[in-house]
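For reference, the chains in residue letters:
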Amino acid sequence: MDDLKTGGIAVIDFGSQYTQLIARRIRELGVYAEVYAHDSGAAHINRRQPAGYVLSGGPSSVYEAGAPQLPAFLLEVGRPVLGICYGMQLLTATLGGEVVAAPEREYGPASISHQPLSPLFDGLAPELQVWMSHGDRIESLPPGFRMLAQSDNSPLAAIGQLERHRYGLQFHPEVQHSPSGRAILSNFLFQICRCQPTWSAAAFIEEAVTGIRKQVGGERVLLALSGGVDSAVAGALIHRAIGDRLTCIFVDHGMLRLGEAEQVARVFRQEQGMRLIAVNAVESFLTALTGVTEPEAKRKLIGRLFVEAFNEEARKLRGIRFLAQGTIYPDVIESAADSAAAKTIKSHHNVGGLPADLEFELLEPLRDLFKDEARKVGEALGLPASIVWRQPFPGPGLAIRCLGELSWERLEKLRAADAIFTGELADAGLLLEGTAQSFAVLLPVKSVGVMGDKRSYEEVLILRSVTTDDFMTADWARLPYDLLARVSARIVNEVPGINRVAYDITSKPPSTIEWE
């Protein structure tokens, strides 16, 4: 897929929480973008011949000892550069300007006015609303630069050296709170870098199928299929490339949502025509989890049990050379594999801990895609909306939404309540549009109630629904009161063992989206 990725944009990461979002926004405009750690090295960053570079923000101050530095080659190759926040300040300091601590930190919405005749702001209104997040500011410009935009608190909100195609923005064009940010990025891509909008789901599928066939040849492939978006799209893509030479293993650990295990078998075996081996491991999982209540212990145990169940089934198969995983691009970025200095956020293993004697070669056809791109590819491949737009679901499943000790009775109780909640959201048109993730949580807490003129002492259920663009931050969804009242009444009346329902109105941060 080198041709599709050649001539895009290299996003240089200096530690910003928005770095992935920059790459996503660029790809949404039809241009391939790839994220690189700032210390990755010239050969690695330039291997796809980028048409330009975007320098991300970051938590450091450029004048601090040990702050990340600008790679020298970026100024030597002569390609366009756009620095955002810290990236702008680093560009300034490197080229001879001065950056100092601002008298007041600027965080939140701001209004900027920009100068005419700048290709970065071409076609935009004279005044724009943007999102600021910085504690430093530029005191003096580098030689050859001029002010392109200003705000009340930032006299140099945007700068540029137009002759050399070097630009800087103090604000964040990649976030939703900068309504004209997309247009600014578009100007950088198409007017300044002269990129071509060749990145699309259809183009990706065509090149991915060719790449899979080239890598696999006439060999067979094994895929661990969870039913989630990533593994589902990976399976559909590989199946299009090699057909029946793909075998999928689905391990049912008993902690899926209502009807999901049956849906996976129906969609992939019957509708998609894939070779699917379904393993019922419910009893072994629940037995091993008896008495386990600590969230991290649950996660680790479920991960180990999954690997054991998958391994046991995989050893029965012969003549399989490749193991496929639904690894997506955020997993690759978070592993910090290309940086000598970056800290690993998580070690990524879709099917972790596989023993050496299985001797598989790895196939990861989605490792260049963000989640939203994987969904678009899934749609283009003909997967049903119920799979493609399935809301995020943790690997341990309901085990970490059923707080406390697990039992089949409690899981069934949670499954039924969750189905009522998500079903009502779907009927109201709020499950896929209006909310990003919605689910129920069963607490190991009992409360006193009155049901049928009798005292009850049953468990408490929490409803959780959030809105978010990127899942790095999230706000609780303002669901209609009548919908919440209907959901609460149905759960208490239809699900034995629950007599109290509450709605979680905490944002992320300070909380997380999941409870465990």
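Here, every reference points to the structure presented above.
Rules used in this analysis
- Residues numbered from 1 in each chain as written.
- Predicted model: local features only at pLDDT ≥ 70, side-chain atom pairs only at ≥ 80, totals over all residues.
- Heavy atoms only, no water.
- Salt bridge = Lys/Arg side-chain N within 4 Å of Asp/Glu carboxyl O.
- Helix = DSSP H or I, 4+ residues; strand = E, 2+ residues; numbered from the N terminus.
- Buried < 20%, exposed > 50% of the residue type's maximum accessible area, 1.4 Å probe, protein only.
- Pairing = 2+ DSSP bridges.
- Axes fitted to C-alpha atoms, helices over the stretch in contact; angles between N-to-C directions.
- Contact = heavy atoms within 4.5 Å.
- Left-handed = near helix turned anticlockwise from the far one by under 90°.
- Nonpolar A, V, L, I, M, F, W, Y, C, P; charged D, E, K, R; others polar.
- Polar contact = N/O pair within 3.5 Å; in protein donor to acceptor, adjacent residues only side chain to side chain.
- Phe/Tyr/Trp six-rings, centres within 6.5 Å; stacked < 30°, edge-to-face > 60°.
- Lys NZ or Arg CZ within 6 Å of the ring centre and 35° of its normal.

A. Inspection of the pattern of salt bridges at higher detail. Tallying each qualifying case throughout the model produces 27 salt bridges. For Glu34, the salt bridge is made with Arg47, and the minimal N-O distance between the two is 2.9 Å. Highlighted residues: Glu34 in strand E2 (residues 33-37) and Arg47 in the loop between helix H3 (42-45) and strand E3 (52-55), separated in sequence by 13 residues. Residue class for Glu34 comes out buried when judged on its relative accessible area of 6%. Assessed through its relative accessible area of 39%, Arg47 is described here as partly exposed. Taking the shortest distance from any N to any O, the salt bridge between Arg367 and Glu364 comes out at 2.6 Å. Relative accessible area serves as the criterion here: at 33%, Arg367 is assigned to the partly exposed category. Bridged by salt links that share partners, the residues Glu424, Arg486, Arg490 and Glu494 form one connected network.

B. Region of the structure containing helix H2 (residues 19-28). Across the ten residues of H2, nine count as buried, placing the element largely inside the fold. Among the residues making up H2, those that are buried are Thr19, Gln20, Leu21, Ile22, Ala23, Arg24, Arg25, Ile26 and Arg27. Where H2 terminates, the next one or two residues include Gly30, which has phi positive at roughly 90 degrees.

C. Looking closely at the sheet that holds strand E10 (residues 220-224). Spatially, the five strands line up as an open sheet ordered E12-E11-E10-E13-E14, and their pairing is parallel. Taken across any chain shown, the strands that pair with only one partner, and hence form the sheet edges, are strand E12 (275-280) and strand E14 (361-363). Neighbour to neighbour, the strand axes of the sheet diverge by 30 degrees on average, direction disregarded. Bridging between strand E11 (residues 246-252) and E12 involves six bridges; their strand directions are parallel. By the bridge assignment, Thr247 is partnered in E12 with Arg275. Sheet contacts for helix H8 (residues 229-242): E10, E11, strand E13 (320-324) and E14; angle to E10, the most-contacted strand, approximately 165 degrees.

D. Summary view of the packing of helix H7 (residues 201-216) against H8. Packing of H7 against H8 brings their axes to within 9 Å, and their N-to-C directions diverge by 65 degrees. When you trace H7 past H8, the crossing you get is right-handed. Contact with H7, carried on its side by Phe204, Ile205, Ala208, Val209, Ile212, Arg213 and Val216, involves Leu237, Ile238, Arg240, Ala241 and Ile242 of H8 and no other residues of that element. Looking at side-chain class alone, the contact of H7 with H8 contains ten nonpolar, no polar and two charged residues.

E. View of the side chain of Arg257. Of note, Arg257 is situated in the loop between E11 and helix H9 (260-271). A distance of 2.8 Å separates polar atoms of two side chains, one belonging to Arg257 and the other to Glu260. From its side chain, Arg257 meets the backbone oxygen of Gln391 in a polar contact 3.5 Å long. Beyond its immediate chain neighbours, meaning those up to four positions away, Arg257 contacts Arg390, Gln391, Pro392, Phe393, Leu398, Arg401, Arg415 and Asp418.

F. Focus on helix H5 (residues 86-94). With respect to burial, H5 is a largely interior element, seven of its nine residues being buried. For H5, the full list of buried residues reads Tyr86, Gly87, Met88, Gln89, Leu90, Leu91 and Thr92. Of the residues flanking the end of H5, it is Gly96, one or two places downstream, whose phi is positive at about 105 degrees.

G. Inspection of the side chain of Gln391 at higher detail. Checked against the element boundaries, Gln391 lands in the loop between helix H14 (385-388) and helix H15 (408-427). A polar atom in the side chain of Gln391 sits 2.6 Å from the backbone oxygen of Leu431. Not counting residues up to four positions away in its chain, the partners in contact with Gln391 are Arg257, Leu431, Thr435, Ala436, Gln437 and Ser438.

H. Layout of the packing of aromatic side chains. Using the criterion set out here, one finds seven aromatic pairs in the structure. Ring geometry for Phe14 versus Tyr86: centroids 5.7 Å apart, planes at 50 degrees, classification tilted. With Phe14 in the loop between strand E1 (9-13) and H2 and Tyr86 in helix H5, this pair connects stretches of sequence that are 72 residues apart. No difference in accessibility class separates Phe14 from Tyr86, as the two residues are buried. Ring plane angle 65 degrees and centroid distance 6.0 Å describe the contact between Trp199 and Phe204, whose orientation is recorded as edge-to-face. Take Trp199: its relative accessible area is 7%, and that puts it in the buried class. A relative accessible area of 1% means that Phe204 is categorised as buried. Three or more aromatic residues link up through ring pairs in this structure, and these residues are Tyr32, Trp199 and Phe204. Lying over the aromatic face of Trp408, Arg415 brings its terminal NZ or CZ to 4.8 Å of the ring centre. Directly above the aromatic system of Trp476 lies the positively charged group of Arg478, at a separation of 3.8 Å from the ring centroid.

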